[in-house]
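# A closer look at the structure
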Amino acid sequence: MDKIIKYIESNKDRYLEELKDFLSIPSISNEEAHKDDVKKACSWLETHLKSIGLDNVTVYQTEGHPIVYADCMKAGNDKPTVLVYGHYDVQPVDPLELWTNPPFEPTVIGNKIYARGSADDKGQIFIHIKSIEAHLKNNGKLPINLKVIFEGEEEIGSGNLYKFLEKQKELLKADYVVISDTSMYKDNMPSICYGLRGLCFMQIDITGPNRDLHSGTFGGGVHNPINALAEIISKLKDDKNKILIDGFYDDVVALSQNERDEFKRLPFDEKKYKMDLEVEELYGEDGYTTIERVSARPTLDCNGIWGGYQGQGAKTVLPSVAGAKVSMRLVPNQDPDKVAELFEKYVMKIAPKSVKVKVTSLHGGKPSVTAIDTPAIKAAVKALKDAFGVDPVFFKEGGSIPIVNSFNEVLGADAILLGFGLPDDNIHSPNEKFDLNNFYKGISTVAYYYDELSKI
Ligand code: BES
Ligand code: ZN
């Protein structure tokens, strides 16, 4: 291992230059205008995976964005097979004017690299690629049998990867799935994420009168779609932040006292949290701590809302349409399809007859949990300790990686989530960044981890 760690150390500068090159491709998956860029990022990976010496590097076309696969199966039948998963697509960059540096011109300031995708998830998949390189260049093979799969649709729900997984069970078969697409609990605190929330993403469209109207001439006579929408939204939760959708909590597994005690042991500075976000007071479900609210309890939030006049100054219009995007984070054992049905049923039940209401399900994903008392997790603890010099903590992330649950259901493989981002990396926001110390330590961690896994 010494040789490998030294190799990583002496190749840091080149690694960084390569990462910058990868980050400069604007692979935004939800914008049609960037379709070719998403493809370009996939080809970039294809070329790179070949150049580090992986075998069977193949790009699979899908109905959406392509998937790239590669492997190295030379460790022998007695060694475990590990599937590394990640995503090379990124979120849109808006609002662009809030970026200090252009999102696709990676800029290093101090110990951070700023670019869209730096932490989520290109920088983190590059951690794996570079530690694979370090093993291969020094030993000509890996200590484990390895498969990698990188997709371009994670940020839009992984729709085509589900289909691919069902069709390619044999190709993707593995004992463990290793993923780096989460964060550390905080700086200098290496972390293992043992749970992700699921997601159910809905859209509500309201249509009132058949055209925009003068709000003086018609106001008072017809139901304003924006008002109707606001009335509906206000009935989704009560004033204690309980979600009012009938049956919403039916499948929610209550938090065990043991887990609640563990959460209490995680450091959490409420004052600092509020200061960082510049809010006077925190807000959330009654009866739960902030850590529980943001990681282990279900939520409902509006992610977008539109209708009427948005331009400068005033315009006395009574709009014809209004709408909102509403998403719910889900916890074990909630099912996104079932929640989508409950949501639609409830909204239709409370919808006023004076407007037309349409509810559409956009995408979703199941929550996931990883058992922590396993040899693969023990190996991860050791690898993180070797690289960071301290014991890792265990925590649950509130975010979602939709395919993780399916790796378990379809392949029967546990997912081990080793995240190297930080909570303030601004993922999905302007000025996304990635800490370069964590990037390099991540590469060493993963190099150690492959080695540790080979001993199981
Ligand atoms: N890397 C994130 C998941 C994540 C978010 C992990 C926050 C840890 C903390 C992932 O790329 C992501 O953003 N997922 C989406 C999934 C959705 C679009 C289906 C999410 O959580 O919103
Ligand atoms: Zn993301």
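Here, every reference points to the structure presented above.
Residues numbered from 1 in each chain as written. Chains lettered and ligands numbered in written order. Predicted model: local features only at pLDDT ≥ 70, side-chain atom pairs only at ≥ 80, totals over all residues. Heavy atoms only, no water.

## Things to note about the coordination of the zinc ion (ligand 2)
The protein atoms that coordinate the zinc ion (ligand 2) are Asp120 (OD), Glu155 (OE), Glu155 (OE) and His428 (NE2), at distances spanning 2.0 to 2.7 Å. Here the zinc ion (ligand 2) is ringed by 6 donor atoms whose angles at the metal span 53 to 155 degrees, and the overall shape comes out irregular. Within one chain, the residues donating to the zinc ion (ligand 2) are spaced in sequence as D-x34-E-x272-H. Of the two residues, Asp120 sits in the loop between strand S5 (112–114) and helix H4 (122–139) while His428 sits in the loop between strand S17 (414–419) and strand S18 (433–435), which places them 308 residues apart along the sequence. Judged by relative accessible area, Asp120 falls into the buried class, the value being 6%. For His428, a relative accessible area of 40% translates into the label partly exposed. (Donors = N, O, S within 2.8 Å, 3.2 Å for Na, K, Ca; no water. Tetrahedral: all angles 85-135°; square planar, octahedral: opposite > 155°, others 65-115°. Helix = DSSP H or I, 4+ residues; strand = E, 2+ residues; numbered from the N terminus. Buried < 20%, exposed > 50% of the residue type's maximum accessible area, 1.4 Å probe, protein only.)

## Remarks on the packing of helix H2 (residues 12–23) against helix H14 (residues 436–453)
With their axes 12 Å apart at the nearest point, H2 and H14 run at an angle of 110 degrees to one another. Classified by the interaxial angle, the pair formed by H2 and H14 is roughly perpendicular. Both H2 and H14 take part in a crossing whose hand is right-handed. The segment H2 lies against H14, with Lys12, Tyr15, Leu16 and Leu19 engaging Leu436, Phe439, Tyr440 and Ile443. (Axes fitted to C-alpha atoms, helices over the stretch in contact; angles between N-to-C directions. Parallel < 35°, antiparallel > 145°, perpendicular 65-115°, else oblique. Left-handed = near helix turned anticlockwise from the far one by under 90°. Contact = heavy atoms within 4.5 Å.)

## Some points on the environment of Pro106
Summarising the element assignment, Pro106 is placed in the loop between strand S3 (81–87) and strand S4 (107–109). In this structure, the C-alpha to C-alpha distance between Pro106 and Lys20, residues 86 residues apart in sequence, is 5.6 Å. Excluding residues that lie within four positions of it along the chain, Pro106 makes contacts with Lys20, Leu23, Ser24, Ile113, Tyr114 and Ala115.

## Quick word on the packing of H2 against helix H3 (residues 35–51)
Between two packed helices, both the angle of their axes relative to each other and the distance between the axes serve to describe the pair. With their axes 10 Å apart at the nearest point, H2 and H3 run at an angle of 150 degrees to one another. As summarised for this structure, H2 and H3 are arranged roughly antiparallel, according to the angle between their axes. Here Glu18, Asp21 and Phe22 of H2 lie close against H3, whose contacting residues are Ala41, Trp44, Leu45 and His48. Here the residues of the contact of H2 with H3 are counted per class, giving 4 nonpolar, 1 polar and 2 charged. (Nonpolar A, V, L, I, M, F, W, Y, C, P; charged D, E, K, R; others polar.)

## Remarks on the sheet that holds strand S14 (residues 356–365)
The strand order S11-S13-S9-S14 describes an open sheet built from 4 strands, whose pairing is antiparallel. In the strand order of this sheet, the two ends are held by strand S11 (299–307) and S14, each with one partner. The sheet shows a mean angle of 15 degrees between the axes of neighbouring strands, taken without regard to direction. In terms of strand pairing, strand S9 (residues 198–207) meets strand S13 (residues 321–330) through 10 bridges, oriented antiparallel. For Gly198, the partnering residue across the bridge sits in S13 and is Leu330. Against the sheet, helix H7 (residues 225–234) makes contact with S9, S11, S13 and S14, and its axis sits at roughly 20 degrees relative to S13, the strand it touches most. Its contacts with the sheet put helix H11 (residues 336–350) on S9, S11, S13 and S14, and the angle it makes with S14 is roughly 165 degrees. (Pairing = 2+ DSSP bridges.)

## Things to note about the environment of Val59
The residue Val59 is located in strand S1 (residues 55–60) in this model. Residues Val59 and Cys42 lie 17 residues apart in sequence; the distance between their C-alpha atoms is 7.7 Å. When neighbours within four sequence positions are excluded, Val59 is seen to be in contact with Cys42, Glu46, Pro66, Ile67 and Val68.

## Quick look at the layout of surface pockets
A volume near 280 Å³ is recorded for the second largest pocket. Around the second largest pocket, the lining residues are Tyr194, Glu259, Glu262, Phe263, Arg265, Leu266, Ile372, Pro392, Val393 and Phe394. Of all the secondary structure elements, the ones that give two or more residues to the lining of the second largest pocket are helix H8 (257–265) and strand S16 (393–397). For the lining of the second largest pocket, the leading source of residues is H8, giving 4 residues. Classifying every residue of the lining of the second largest pocket by side-chain character gives 7 nonpolar, no polar and 3 charged. (1 Å grid on protein atoms, 1.4 Å probe; cavity = no way out; pocket = protein on both sides within 12 Å on 5 of 7 lines; lining within 4 Å. Points joined across faces, edges and corners; volume = space filled by probe spheres on them.)

## Details of the environment of Lys35
Within the secondary structure layout, Lys35 lies in helix H3. Each C-alpha atom of the pair Lys35 and Ser454 lies 39 Å from the other, and the pair is 419 residues apart in sequence.

## Some details on the packing of aromatic side chains
Tallied over the full model, the rule gives 11 aromatic pairs. Relative to Phe126, the ring of Phe22 has its centre 6.2 Å away and its plane inclined at 40 degrees; by these criteria the two rings are tilted. Here Phe22 is found in helix H2, whereas its partner Phe126 is found in helix H4, with 104 residues between them in sequence. Among the residues examined, Phe22 registers a relative accessible area of 0% and is labelled buried. A ring pair is formed by Phe434 and Phe439, whose centres lie 6.1 Å apart and whose planes are at 65 degrees; its orientation type is edge-to-face. The burial state of Phe434 is the same as that of Phe439; both residues are buried. An aromatic cluster is defined as three or more aromatic residues linked by ring pairs; in this entry it consists of Phe22, Trp44 and Phe126. It is Lys242 that lies over the ring of Tyr249; its NZ or CZ is 5.8 Å from the centre. (Phe/Tyr/Trp six-rings, centres within 6.5 Å; stacked < 30°, edge-to-face > 60°. Lys NZ or Arg CZ within 6 Å of the ring centre and 35° of its normal.)

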